[in-house]
Amino acid sequence: MSIIKCCFEPVEMPEFLDSFVKKCTEGCCCGCCSALRPRYKRLVDNIFPVNPEDGLVKANMEKLTFYSLRSPEKLDRIGEYLYQRASKDINRKRYKFVEIAMESMDLLLMACHAQILNLFVESFLRMVQKLLEDTNPTLQIMATNSFVRFANIEEDTPSYHRRYDFFISKFSSMCYGNNDDLELRDSIRMAGIKGLQGVIRKTVSDDLVENIWEKQHMEKIVPSLLFNMQSVSGSKSVDQEATPSTPPVLAEAVLRELVSRASFGHIRAVLKPLLMHMDNHKLWVPNRFAIDTFRIVMISIQPQYSYTVVETLMSHLDQNLASSPKTRTSLAVVLSKIIAIAAGESVGPSALDIINNLLTHLKTSVSTQHESTPEETQYQEALINALGEFANHHPDYQKIEIMLFIMNTVPDPSKKNKGDTLLQNILLKSLLKVGTQYRTVSFEKAFPVSFLQPLLKMARASSLPIRVIVMQIFQQLLDRHQNQHLMNLISINNYPTLTVEQPSRSDILFTHKYGSNILQALIDAMTQENNMEILKPTYNTAGLMVVEMACGETVQEFLLFVLGVQQVAITEAELSPKHRCNLHSIAISLLILIGRCTGISTLVEYAEKIIQARMEEATYLLPPLLDNEKSAPNTLNTNLPHLMVDKLAIAECIQQAGLEHSRVQTGTPYSLHQTDMSAHRHSWVDTSSAARNSIVDANYNDIESVSSSPGVQKRSLASEFNFESMKRVLAEPTEASKREAREKQAAIGRTFRETAFEDLVRRTEPKHDVIQDKLNEIFNSLSTERQIGSCAGQLAKLEASAVDGGGAGGGKLNQQRAVYENNFPELFFY
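Residues numbered from 1 in each chain as written. Predicted model: local features only at pLDDT ≥ 70, side-chain atom pairs only at ≥ 80, totals over all residues. Heavy atoms only, no water.

Participant: Explain the environment of Ile 610 to me, please; I cannot follow it from the model alone.
Facilitator: Considering the arrangement of structural elements, one finds Ile 610 in helix 29 (residues 601-617). Residue classification places Ile 610 among the buried residues on the basis of a relative accessible area of 3%. Sequence separation of Ile 610 and Ile 588 is 22 residues, and the distance between their C-alpha atoms is 8.2 Å. (Helix = DSSP H or I, 4+ residues; strand = E, 2+ residues; numbered from the N terminus. Buried < 20%, exposed > 50% of the residue type's maximum accessible area, 1.4 Å probe, protein only.)

Structure follows, in structure tokens:
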């Protein structure tokens, strides 16, 4: 009876028949009960063919799609019914029908973009989850592709209750697929990576859905991507992969996308699992993969957040201080490779924080280093390279600040224990690394006083390696025309490729103000011990100063330096004969270099005469430097004037060139042991300022002393500081001028006491005739005037005697010769 009823046309039935009809239609296998079923079910059933190998019925699928578009409220029921049919087919292992159901859901999802799509999405995601839970790889890949297509759809309304925990876990596990079939394994891994990409795209742009940046999610996503990236063999890097459809390349692309979407608050959520993965799998040594990975992160991250990666990596280095030196070195190398990318966006405090952290790591390494090991040295060099790379991408004004910051952290040179000396060495190497990246334009900006003063103190340090590093720092900052490699060779020959340019006015002022301090430090540095290692760097530094700063206005400073080097070589008996010979070689090399750079031909000719004389009589006083004691004589004959540089002779050379020569002629050459910058040589630049300071300080001290004395009335400021008093003070000679006058007097006296008479006569011969002719002319004019006056007086006396009746025998004219008519002896001419 039930069969007969089910074959009739559908009619309206009472409620008690609903359950009967439902059971009948569900259990009917002949298809005659389909008319009793809802239309959406009939449309869904019609898309499935009798033979599953025939695939989806396209015409019926179009009818279902049209029905869904006209009746979008039926979408949730259609999705639920498709899910039920697919579940039954999965249980019965009818995978072809499952594939048809999944395909139909994809087509409906792509066609129906309505606001009520969320109702259909729930059934869709249940369908995808059902397929992913199955062990069939084909179904898993199909479900993943469907999910990726869903992730690319922009929904009109957000979903507040949707969660993706299962999908993140499942896709992450698929990334570790280890099927024996390599092709199938890569397909599963690719599907897992694509699924993670879909989850990221679906969740990262919607703040209302589940937070993908939470720790439990990132600890699954990031290691899964890194695992696939590192699966490439060592000889074949990720960057060299040509095929874009391989798991490593796809994993790298997803990681780039993930990092690029991270905000400031989320970037650390990506970095922490990344660092943890590197630690757990021991990927720091060797560090090729770590370098590539962090470069990908630095390139992909938003530029304003790039310094966060550097800070996180340095913080991780802090946590690994107890690890092996190789691990720390690899971490530091990774830091040096990526820090340049972050330097462009790091300004102000963030830049100094990074510098401070690097210096702190260096100090920690030195303080915990009980003995010098190659691994620890490599770690320190890696940190120094990181510091240099970071500074290289900053503007020059920030490089000066960084160098000053490093200089302030260097221990005082008076501390001579092993730890402080090692720390001085390491920090100065860091300073040299930054200085190598700096391009000097003005010496005034490159050497501020706060930086120059401690640097000159370090130039006088007792440790030879430290002095060598300081000389290298000077060379890097002084060399503006790439002449440093030429100055490595101490030679009296001409440098054919030497680049010389006239110094600017600011450089001339800098030389007048601080050139003497630098030159004095060079003399102190090269004469502290009998060692050749410091002589070449010192000559290099002095030669660069000559090339960059020497001109007509500053030549006297450098000539006094040459005379000082020679004087030290003559007077310092503690130096070995070899060292003293080398100092003479440096002095003559610098002298001829000064003449060539300034264009003073007379100075060059004079230097060539000395060089010729030394070639004939004392070749050991010429370059190249002596490298052993056997080649140096036991005693040096420094009493031969023609072999030594003479002060009066070079003063005459620059005088003939039309330049000022008084300082060279009367000044004192440089000597040893002047270590205070405040006691630098007198310069015309600071004469007026010294006078003003002396006036103010004197009056200020005077007022203070009066005000602090009981019973003494204070003097009025108005009575002290008036025009007359200021004029009187300015007219008085300053202490500096008095000191210079005393130096001139002492030099003249020393010259007349120590120099032979014939030598004095020879030096004054060019001026003797001129002076004597001038004196004769003056005395003749005075004699003529005196004779006229005396004749007039005698006539007056004769007339007076005639009037008085005096005798006719007037007095005779004085025939004696006047004193001023006598010529001075040659002894007094100078």
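Participant: Please explain unusual backbone geometry as it appears in this structure.
Facilitator: Across the chain, the bulk of peptide bonds are trans and the bulk of non-glycine residues have phi less than zero. In this structure, Pro 286 follows Val 285 across a cis peptide bond, with omega equal to -10 degrees. Note on placement: Pro 286 falls in the loop between helix 13 (267-280) and helix 14 (288-300). Cis geometry is adopted by the peptide bond preceding Pro 624, which originates at Pro 623 and carries an omega value of 5 degrees. Phi at Lys 282 is positive, roughly 55 degrees, even though this residue is not glycine. Summarising the element assignment, Lys 282 is placed in the loop between helix 13 and helix 14. If you check the backbone angles, Gln 482 has positive phi at about 55 degrees while not being a glycine. In this fold, Gln 482 is placed in the loop between helix 23 (464-478) and helix 24 (484-487). Classification of Gln 482 as exposed rests on a relative accessible area of 53%.

Participant: Hey, could you run me through the packing of aromatic side chains in this one?
Facilitator: For any pair of aromatic rings, geometry is given as the distance between the ring centres together with the angle between the planes. Counted according to the given criterion, the structure contains 17 aromatic pairs. Residues Phe 48 and Phe 97 carry aromatic rings whose centres are separated by 6.2 Å and whose planes lie at 50 degrees to one another, so their mutual orientation is tilted. Here Phe 97 lies in helix 6 (residues 95-111) and Phe 48 lies in the loop between helix 3 (39-46) and helix 4 (58-70), a separation of 49 residues in the sequence. As far as burial versus exposure is concerned, Phe 48 and Phe 97 are alike and both buried. Aromatic side chains Phe 447 and Phe 474 sit 5.6 Å apart centroid to centroid with 20 degrees between the ring planes, which places their arrangement in the stacked category. A residue pair is termed long-range when its members are at least 10 positions apart, and Phe 447 in the loop between helix 21 (443-446) and helix 22 (449-459) and Phe 474 in helix 23 qualify at 27 residues. Taken together, the ring pairs in this structure connect Phe 124, Phe 147, Phe 150, Tyr 164, Phe 166, Phe 167 and Phe 171 into an aromatic cluster. Above the face of the Phe 48 ring, Arg 85 is positioned so that its terminal group lies 4.1 Å from the ring centre. (Phe/Tyr/Trp six-rings, centres within 6.5 Å; stacked < 30°, edge-to-face > 60°. Lys NZ or Arg CZ within 6 Å of the ring centre and 35° of its normal.)

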